[in-house]
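# Coordinates in review
Single-letter residue listing:
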Amino acid sequence: GIIQSRRAGLELERLLSGRAFALIVSPLRRALLTVRHLLESGVGLSPTKTVVHPSATEVLRDSCDIGSHPELLQKEFPDFTFPLVRPDNWWPYHRPLADAWERMRQRHPEGIETEEMIGRRLKALREYIHSCAEEIVVVVCHGDIIYYLTKNHERDGIWTENGEIVDVSDCI
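These numbers were taken from a predicted model, which means no experiment stands behind them.

## Focus on the overall build of the protein chain
Counting its regular elements, the protein chain contains six helices and three strands. The linear arrangement of helices and strands in the protein chain, starting from the amino end, is α-β-α-β-α-α-α-β-α. The buried share of the protein chain, taken over its 172 residues, is 44%. In the protein chain, of all internal contacts separated by at least 6 residues, the share reaching a separation of at least 24 is 74%. Put simply, the protein chain shows about 9,600 Å² of open surface, and 52% of that area lies on carbon and sulfur atoms.

Right, dumping it as structure tokens:
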């Protein structure tokens, strides 16, 4: 993961060519670590702002997708701030955490996060991206979120590899 992140940082630096950009990152530990290594590798990478946004988190499929309380993350990642990640509900899945755990345990046939729930999160993420003053917005998130961001009634979504950079500007 570290090597993939550093390669992505070098590629992002090449693609941006010194242009200003905003950075949105999922609050999951693996995304925060990706950003840490990505920024360390790209000498010219300096976002105008970095926002940890709960709507960029992975689609809830397993326990690794629930994440951690923002106070714990703040201690581990002091270089980030977490004002949008609510301490009382840091998982943006529109259902109580206990219910999510129970659905995971039972392998509930409707899943844990429904298509409607995912749609509401994507709407919030798109709205936030559009509200950024920067012309370029880099989002460090997860495979399923990228798939859903790039999926529409005309085409299937894009599946990505770890550390892959995908231009989704025509989908936002």
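Read on, since the account is not over.
## A look at the sheet that holds strand β3 (residues 137-140)
Sheet strands associate in pairs through backbone hydrogen bonding, adopting either a parallel or an antiparallel arrangement. The strand order across the open sheet formed by three strands is β2-β1-β3, and the pairing between neighbours is parallel. In the strand order of this sheet, the two ends are held by β2 (49-52) and β3, each with one partner. Put simply, the sheet's adjacent strands are angled 20 degrees from each other on average, direction ignored. Across four bridges, strand β1 (residues 22-25) lies against β3 in parallel orientation. Across the sheet, residue leucine 23 finds its bridge partner in β3, namely valine 138. In the packing of helix α2 (residues 29-41) onto the sheet, contacts are made with β1, β2 and β3, and the angle to β1 comes to roughly 150 degrees. Those strands touched by helix α5 (residues 115-131) are β1, β2 and β3, and its axis lies near 165 degrees from that of β1.

## Observations regarding the pattern of salt bridges
Side chains bearing opposite charge may pair, as long as their charged atoms lie close to each other. All chains considered together, the criterion is met by six salt bridges. The residue glutamate 11 makes a salt bridge to arginine 14 at a minimum N-O spacing of 2.7 Å. Here the residue glutamate 11 and the residue arginine 14 both occupy positions in helix α1 (residues 2-16), the gap between them amounting to three residues, near one helical turn. The class of glutamate 11 is partly exposed, set by a relative accessible area of 29%.

## Digging into unusual backbone geometry
Here the phi dihedral of serine 17 falls at roughly 50 degrees; this positive angle occurs in a residue that is not glycine. With respect to the element layout, serine 17 can be found in the loop between α1 and β1.

## Some points on the nonpolar core
Ranked by internal contacts, the top residues of the largest apolar core, which has 20 residues, are Val25, Leu32, Phe80 and Phe82. Take this core: its biggest share by element is four residues, from α2. Look past the residues within four positions of phenylalanine 80 in its chain and what remains in contact with it is Val25, Leu32, Val35, Thr50, Val52 and Gln74. Core analysis: the second largest hydrophobic core is formed by 15 residues, Ala22, Ala56, Ile145 and Tyr148 among them.

## Topic: the confidence of the model for the protein chain
In this model, the protein chain carries a mean pLDDT of 85, and residues with pLDDT of at least 70 account for 89%. Looking over the protein chain, one finds the lowest element-wise mean pLDDT in helix α4 (residues 97-106), namely 72, and the highest in β1, namely 96.

## Observations concerning the packing of aromatic side chains
Enumeration according to the criterion identifies three aromatic pairs in this entry. With a centroid separation of 6.0 Å and 70 degrees between ring planes, the pair formed by phenylalanine 77 and phenylalanine 80 is classed as edge-to-face. Take phenylalanine 80: its relative accessible area is 5%, and that puts it in the buried class. Relative to tryptophan 159, the ring of tyrosine 147 lies with its centre 4.2 Å away and its plane at 15 degrees, an arrangement referred to as stacked. Residue tyrosine 147 is located in helix α6 (residues 143-150), and its partner tryptophan 159 is located in the segment after α6; the two are separated by twelve residues in the primary sequence. The exposure class assigned to tyrosine 147 is buried, which follows from its relative accessible area of 10%.

Each value, and the rule that gives it
- Residues numbered from 1 in each chain as written.
- Predicted model: local features only at pLDDT ≥ 70, side-chain atom pairs only at ≥ 80, totals over all residues.
- Heavy atoms only, no water.
- Helix = DSSP H or I, 4+ residues; strand = E, 2+ residues; numbered from the N terminus.
- Buried < 20%, exposed > 50% of the residue type's maximum accessible area, 1.4 Å probe, protein only.
- Contact = heavy atoms within 4.5 Å.
- Areas by Shrake-Rupley, 256 points an atom, 1.4 Å probe, with all protein chains shown as cover.
- Pairing = 2+ DSSP bridges.
- Axes fitted to C-alpha atoms, helices over the stretch in contact; angles between N-to-C directions.
- Salt bridge = Lys/Arg side-chain N within 4 Å of Asp/Glu carboxyl O.
- Core = buried A, V, L, I, M, F, W, Y, C linked by side-chain atoms within 4.5 Å.
- pLDDT = per-residue confidence, 0-100.
- Phe/Tyr/Trp six-rings, centres within 6.5 Å; stacked < 30°, edge-to-face > 60°.

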